Amino acid sequence: MIAPRHRVVIVGGGNAGISLAAKLLRSGCPDVALVEPNEVHHYRPLLSYVAGGAATLDDLRRPQVDVVPADVHWYEDRVTAVDPQASVIRLAGGRSVGYGDLVLCPGSEVDWDAVPGLREAVATPHASTSYLPEHAPETWQMLSTLTSGRAVFVISDRHVPCSPVGLKPLFLAAGHWCATGVLDTITIDLLVEGARLAGTARADRELRAAADDYGVRVRTGTAVSRVEPGSRTLHLRTAHGTDTLPYDALYVAPPHRAPAWVAASGLASAGSDGFVDVDPQTLQHRAHPRVWALGDVATVDTSPSGGALRKQVPVVAHNIPAALVGGTLRHYDGYTVAPVTTSRHELLLAEHNRDEHEEPTVPFPDLVRPRRSLYLFDRYVEPQVYWHRLLRGKVS
Ligand SMILES: Cc1cc2nc3c(=O)[nH]c(=O)nc-3n(C[C@H](O)[C@H](O)[C@H](O)COP(=O)(O)OP(=O)(O)OC[C@H]3O[C@@H](n4cnc5c(N)ncnc54)[C@H](O)[C@@H]3O)c2cc1C
């Protein structure tokens, strides 16, 4: 059977894939196909609020059919391999699909193997994560019912999407413990694998000050190497050696990795844990110029985030037709953003480029200072912007 072929094939109908499909159609691309197996689309940023008791899963889910643009050819299937020499992708259902240009945006996935015992730990009521929808409500169940003991929050620095937002459940929980009068009976430890709590020095200072207000013990440069769920013990790796820490409640922003088929298809960059080897500025594959990547699966030398896609989508939408006619390619400067709550009613924005220079969306007011208005924007306005503008390709 002859494989169907499309002008542009997009792999993954998440934030990146849907926004790009809509943007390409708006700019006149006649034939866009999408491969996405899931029937439900998630607005992932609200998972942090679910984990902090300030949203429900219903607030962030929509049927996928409602967000796939009408003119897109949707393959409700999963990609298992890419043959960039033949310009063909293979689907789990057995079909092959040819492409003119291929855009990879299947996101990343939790790397349970990176921390022995972690998967078993989150299967107990004493450990959880906001990074998987099925665990986000359990996170709030665990945190909101804790009235004494030790709560440990762990943020990995291995490819975690928008990693500083892993602090949202901490501050939302601390605000709850404060309001219910149990803060003094709970010891809060924050273990961060990287050197800072957010991508810029100023945001780091603000977050440390907020943590200090709640009595949080912050340790940077500290990774969990192993979890013993039975004895509720973390084995730690620090700059000074190894250590252990018991927990009564454990929250993790766990290490992530790229889907295995990316590297198996010869599309990953060496030493990147399997992430797609694109030029971080043009988002074009370094070896296969008709292959592109954006979103969490791409190596873009900056922290992945939904906010980063506001800049990446227009770049890829411009560069695909431009490359075909030898035109000038647009550059992505590595802009990314992390909106982090500092209590149950305030939030700051850490916005920066890939050199970690601040890149504020607006010059005034100072969005690195925690604000009530920012909390309300992130929790209530941003989801509407997502559904009604970003997923409809209304980004420039
Ligand atoms: C808990 C959490 C909180 C976050 N908070 C924020 C925030 O506050 N602000 C912010 O800017 N960003 C935030 N992010 C990050 C943001 O959600 C991601 O950066 C963004 O979703 C990345 O988009 P993507 O399309 O690359 O990946 P995804 O949105 O993960 O979409 C990938 C899609 O690809 C599909 N797929 C996977 N494998 C295949 C395959 N083999 N074949 C076909 N399709 C496939 C998946 O089903 C999925 O639909 C958060 C993320 C999480 C998890």
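Please read all numbers here as calculations on a predicted model, not as lab measurements. (Residues numbered from 1 in each chain as written. Predicted model: local features only at pLDDT ≥ 70, side-chain atom pairs only at ≥ 80, totals over all residues. Heavy atoms only, no water.)

Draft legend 1. How the structure looks around helix α10 (residues 372-388). In a regular helix each residue adds 1.5 Å, so 17 residues correspond to 24 Å; α10 covers 24 Å between its end C-alpha atoms and thus fits that length. The largest bend along α10 measures about 40 degrees and falls at Val-381, with the proline Pro-383 one to four residues further on. Leu-374, Tyr-375, Asp-378, Arg-379, Glu-382, Pro-383, Tyr-386 and Trp-387 are the residues of α10 that are buried. (Helix = DSSP H or I, 4+ residues; strand = E, 2+ residues; numbered from the N terminus. Expected span 1.5 Å × (residues − 1). Bend = angle between axes of the 7 residues up to and from the residue. Buried < 20%, exposed > 50% of the residue type's maximum accessible area, 1.4 Å probe, protein only.)

Draft legend 2. Summary view of the sheet that holds strand β13 (residues 217-219). Ordered by their spatial adjacency, five strands build an open sheet running β10-β17-β11-β12-β13, and the pairing between neighbours is parallel. With partners counted over all chains shown, the strands left at the sheet margins are β10 (127-128) and β13, one partner each. Pairing of strand β11 (residues 149-155) with strand β12 (residues 186-192) involves seven bridges; the strand directions are parallel. Residue Val-152 lies in a different strand from β12, and its bridge partner there is Asp-189. (Pairing = 2+ DSSP bridges.)

Draft legend 3. Examining a positive patch on the surface more closely. Together, Arg-26, Arg-389, Arg-392 and Lys-394 make up a region of like positive charge exposed at the surface. With respect to the helices, strands and loops of the structure, Arg-26 is situated in helix α1 (residues 15-26). On the accessibility criterion, Arg-26 (52% relative accessible area) is exposed. (Patch = residues over 30% accessible without salt bridge, like charges linked within 9 Å, V, L, I, M, F, W, Y side chains within 5 Å. Areas by Shrake-Rupley, 256 points an atom, 1.4 Å probe, with all protein chains shown as cover. Salt bridge = Lys/Arg side-chain N within 4 Å of Asp/Glu carboxyl O. Lys, Arg positive; Asp, Glu negative; His and termini not counted. Charge placed at Lys NZ, Arg CZ, Asp CG, Glu CD.)

Draft legend 4. Inspection of the layout of surface pockets at higher detail. By volume, the second largest pocket is sized at about 780 Å³. Lining the second largest pocket are 35 residues, with Asp-157, Ser-163, Thr-302, Ser-303 and Pro-304 sitting closest to its centre. Contributing elements (two or more residues each) for the lining of the second largest pocket: β20 (336-341) and β21 (347-352). Considering every element that reaches the lining of the second largest pocket, the biggest residue donor is β20, with three residues. Looking at the lining of the second largest pocket, its residues break down into 16 nonpolar, 12 polar and seven charged. Per-domain counts for the lining of the second largest pocket show at least three residues from each of domain 1 (5-108 + 258-334) and domain 2 (111-255). (1 Å grid on protein atoms, 1.4 Å probe; cavity = no way out; pocket = protein on both sides within 12 Å on 5 of 7 lines; lining within 4 Å. Points joined across faces, edges and corners; volume = space filled by probe spheres on them. Nonpolar A, V, L, I, M, F, W, Y, C, P; charged D, E, K, R; others polar. Domains from an automatic or database assignment.)

Draft legend 5. Broad picture of the pattern of salt bridges. Overall, the coordinates contain 21 salt bridges when judged by the stated rule. Asp-101 is the partner of Arg-7 in a salt bridge, and the nearest nitrogen-oxygen pair spans 2.7 Å. With Arg-7 in strand β1 (residues 5-11) and Asp-101 in strand β8 (residues 96-104), this residue pair connects regions lying 94 residues apart in the sequence. The residue Arg-217 makes a salt bridge to Asp-189 at a minimum N-O spacing of 3.0 Å. One end of the pair, Arg-217, is in strand β13; the other, Asp-189, is in strand β12, and 28 residues separate them in sequence.

Draft legend 6. Up close: empty space enclosed by the protein. With the rule as written, the count across this model stands at one cavity of 30 Å³ or more. The volume enclosed by the largest cavity comes to roughly 80 Å³. Taken together, 14 residues form the lining of the largest cavity, with Val-115, Val-154, Ser-156, Val-224 and Pro-255 sitting closest to its centre. Taken together, the elements giving at least two residues each to the lining of the largest cavity come down to β11, β14 (223-228) and β17 (249-253).

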